[in-house]
Amino acid sequence: MDSVDPDFEGRVLVVANRVPISIKTTQEGEFEYSMSSGGLVSGLKGLAKAIDFKWFGWPGIDVHRNDKDKVRRHLQDNFNAVPIFLSETLAEMHYNGFSNSILWPLLHRMPDQAGSDERWSKAYQEVNEIFADNIVPYVEDNDMIWVHDYHLLLLPGILRERLSKKKNLKIGFFLHTPFPTEDYFTILPFREQICRSLLLCDVVGFHTNQYAKDFLESARIVLKGVSKSPSDLHWNRRKVIVHGFPLGIEADEWKQKLETDAVKQELANLREEFDDQKIILGVDRLDYIKGIPQKLRAYDRFLTDHPEWVGKVVMIQLAIPTREDVDAYRRLREEVELLVGRINGKHATFKHTPIHYLHRSVKPEQLCALYAVSDVCIISSIRDGLNLVSYEYAACQEERKGVLMMSTYAGAIKTLPPSSVILLNPWDAPRFAERINQALNMGIEERAKRHKEMMHVVDTWTSVKWGKAFLQTMMKMEIPKD
Ligand code: ADP
Ligand code: G6P
């Protein structure tokens, strides 16, 4: 294991809503463990291979009193993780309610998708307090606590207060979503508390410097005394660093996975299945921020405008189930499935189905093979913190040099060179359709040039670099160089 820094004597404690594994109970009452999906878990799992840290989080289920030790042991032994147990009602109001029906839509500037219930705010505060109750007994002098994401916005403030006696304690926060402009942020309940809590950190990180700026702008509006200069920012007589730290992936791991027999077998199956056809791939959690209906409409338009492609191209859209108890997600599923049915009905022949829609989670080797076999990957998010799928696709395309189509509304547009991708506006279906045509017709020389440019970033900005850059900034309290 690497150390964060040779001078660092403390320990790193990471806190996120989720631990890397989610638990479900089968009909027989047995526990079923599955990898949690999403960019946060992918990034932290990458970092965990290089840096030793304890990971605190909710296991995704209300565990019966008698089973808690079993879950604790499983998480400790396999992931160096500590479960924080919540009752079903509280978790429902914190996770489905405040976090995913108020914060998530507002952070993505989509208030129309938000719901409301007064009990959710109380549950959110309570869960942040429960997390603190569980973490405080572990904390020692010189530790660094790194809190992640929107489920725990109040936690840094609570920890700072309760741990004021600890010596040289560092607290950091990283947001995995965009930060909205102040007109959206100021809609939020307890916006002052959120800003105060984050400014009690030593370092507050975002995927891009623009999100960092937008946060500071909001903080200045809702709190008095937040200085104008981000390079010399103080709050409550303490220095705070607010900066962009884009997440990355471990590209080498994806490349190595491609060499395994399991992936080779999956690849052979896919090649046989889609012989002679170009493949357009979409990999998204079934979330309204991902712009899946927009992608489907553009594909429909493309097949209508370019009938020469019908029968020669197939779209594989993986829609990973997510937050299925939230109304907005149920509505989205209905909309997407209706569109898939309609478009397949319109363009299918007896021999050919234009969209293969998979509403399920696939195994890592299947995902890797899908990335490698596709000619085009479309990221059509209408808002997205960063988007790691785009990086993973690039990492698996050493051989084919596939084309990445990227929405201008995903954070990764700030990290990947614009000339390496085909930019798209998810709202402009006719042009989006033309871009699909351009991607499918692009020659190998141009594809190779673009792929090289992309990999320059993807190979360099790993999740380990991201984590170390953040932790070292916390340690040294110096603003990182861009
Ligand atoms: P988001 O965090 O919004 O879901 P990202 O594109 O940043 O979007 O991250 C998605 C992550 O989820 C990727 O790292 C991808 O590999 C991962 N993923 C996709 N499918 C699965 C799966 N079945 N199990 C675990 N992780 C998955
Ligand atoms: C995004 C969020 C993460 C979350 C992930 C998956 O990446 O930023 O915090 O873990 O989506 O969503 P879920 O609700 O299943 O944890």
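The shown structure was predicted, so the numbers you read here are calculated from the model rather than taken from an experiment.

Student: Please explain the overall build of the protein as it appears in this structure.
Tutor: Assigned secondary structure in the protein consists of 17 helices and 17 strands. Rg of the C-alpha trace for the protein: 23 Å, near the compact-globule value of 23 Å for 482 residues, within the 12% margin. Considered along the principal axes of its C-alpha atoms, the protein spans approximately 70 × 55 × 45 Å. The buried share of the protein, reckoned over its 482 residues, is 57%. Put simply, 80% of the contacts in the protein that link residues at least 6 apart link residues at least 24 apart. Of the charged side chains in the protein, 63 are positive and 67 negative; the average position of the first set lies 3 Å away from that of the second.

Student: Would you explain the site of ligand 1 in this entry?
Tutor: Ligand 1 sits among 15 residues. The nearest are Gly39, Ser42, Arg285, Ser361 and Glu392. Measuring from an oxygen atom of ligand 1, one finds a backbone N or O atom of Gly38 at 3.1 Å. In this structure, an oxygen atom belonging to ligand 1 sits 3.2 Å away from a main-chain N or O atom of Val389. Starting from 570 Å² of accessible surface for ligand 1 in isolation, the protein chains cover 86%. Listing elements by their share of the shell around ligand 1, those giving two or more residues are α1 (39-48) and α14 (388-395). Among the elements that line the shell around ligand 1, the one with the most residues is α14, at 3 residues. Classifying every residue of the shell around ligand 1 gives 5 nonpolar, 7 polar and 3 charged.

Student: Just to check I follow, could you spell out a negative patch on the surface for this structure?
Tutor: A cluster of acidic side chains, namely Asp62, Glu88, Glu92, Glu324 and Asp325, defines a negative patch on the protein surface. By secondary structure assignment, the location of Glu88 is in helix α3 (residues 88-107). Take Glu88: its relative accessible area is 58%, and that puts it in the exposed class.

Student: I keep staring at the site of ligand 2 and nothing clicks. Help me out?
Tutor: With respect to spatial proximity, the complete set of residues near ligand 2 consists of Arg18, Ser37, Gly39, Leu40, Tyr95, Trp104, Asp149, His151, His176, Arg285 and Arg323. Here Asp149 contributes a side-chain N or O atom positioned 2.5 Å from an oxygen atom of ligand 2. Contact with the protein chains removes 92% of the 380 Å² of surface that ligand 2 exposes when unbound. Elements with a minimum of two residues in the shell around ligand 2: α1 and α3. Considering only residue class, the shell around ligand 2 consists of 3 nonpolar, 4 polar and 4 charged.

Student: Would you take a moment to explain unusual backbone geometry for this structure?
Tutor: Only a minority of non-glycine residues have a phi that is not negative, and only a minority of peptide bonds are not trans. Despite not being glycine, Arg323 has its phi angle at roughly 45°, a positive value. Topologically, Arg323 is positioned in the loop between β13 (313-320) and α12 (327-347). A relative accessible area of 12% places Arg323 in the buried class. With a phi close to 55°, Lys401 is a non-glycine residue in the positive phi region.

Student: Got a minute to help me understand the pairing of strand β4 (residues 54-58) in this structure?
Tutor: The side chains of a regular strand alternate between the sheet's two faces. With 5 of 5 residues buried, β4 is to be regarded as a mostly interior element. Along β4, one buried face is formed by Lys54, Phe56 and Trp58 and the opposite face, lined by Trp55 and Gly57, is buried too. For strand β1 (residues 12-18) and β4, the ladder comprises 4 bridges, and the chain directions are parallel. Paired with Arg18 across the strands is Trp58, a residue of β4. Examined bridge by bridge, β4 and strand β5 (residues 81-83) share 3 bridges and lie parallel to one another. In the sheet register, Trp55 faces β5, and the bridge partner there is Ala81.

Student: Which parts of the structure should I look at to understand the sheet that holds strand β12 (residues 278-285)?
Tutor: With respect to topology, 6 strands assemble into an open sheet ordered β14-β13-β12-β15-β16-β17, the strand pairing being parallel. The open sheet has two edge strands with one neighbour each: β14 (355-358) and β17 (422-424). Strand-to-strand, the axes of this sheet are offset by a mean angle of 20°, without reference to chain direction. Pairing of β12 with β13 involves 8 bridges; the strand directions are parallel. Within β13, the residue paired with Ile279 across the bridge is Val314.

Student: Is there a simple way to think about the sheet that holds strand β6 (residues 144-148) in this case?
Tutor: Sheets are built from strands paired through backbone hydrogen bonds, the pairs being either parallel or antiparallel. One open sheet holds the 7 strands; their spatial order is β5-β4-β1-β6-β7-β8-β11, and the pairing between them is parallel. The outermost strands of the open sheet, each flanked by one partner alone, are β5 and β11 (241-244). When the angles between neighbouring strand axes are averaged without regard to direction, this sheet yields 20°. As defined by bridge partners, strand β7 (residues 170-174) adjoins strand β8 (residues 203-206) across 3 bridges and the pair is classed as parallel. What sits directly across from Phe174, in β8, is Gly205.

Definitions and cut-offs
- Residues numbered from 1 in each chain as written.
- Chains lettered and ligands numbered in written order.
- Predicted model: local features only at pLDDT ≥ 70, side-chain atom pairs only at ≥ 80, totals over all residues.
- Heavy atoms only, no water.
- Helix = DSSP H or I, 4+ residues; strand = E, 2+ residues; numbered from the N terminus.
- Rg over C-alpha atoms; globule rule 2.2 N^0.38 Å.
- Buried < 20%, exposed > 50% of the residue type's maximum accessible area, 1.4 Å probe, protein only.
- Contact = heavy atoms within 4.5 Å.
- Lys, Arg positive; Asp, Glu negative; His and termini not counted.
- Charge placed at Lys NZ, Arg CZ, Asp CG, Glu CD.
- Near = heavy atom within 4 Å.
- Polar contact = N/O pair within 3.5 Å; in protein donor to acceptor, adjacent residues only side chain to side chain.
- Areas by Shrake-Rupley, 256 points an atom, 1.4 Å probe, with all protein chains shown as cover.
- Nonpolar A, V, L, I, M, F, W, Y, C, P; charged D, E, K, R; others polar.
- Patch = residues over 30% accessible without salt bridge, like charges linked within 9 Å, V, L, I, M, F, W, Y side chains within 5 Å.
- Salt bridge = Lys/Arg side-chain N within 4 Å of Asp/Glu carboxyl O.
- Pairing = 2+ DSSP bridges.
- Axes fitted to C-alpha atoms, helices over the stretch in contact; angles between N-to-C directions.

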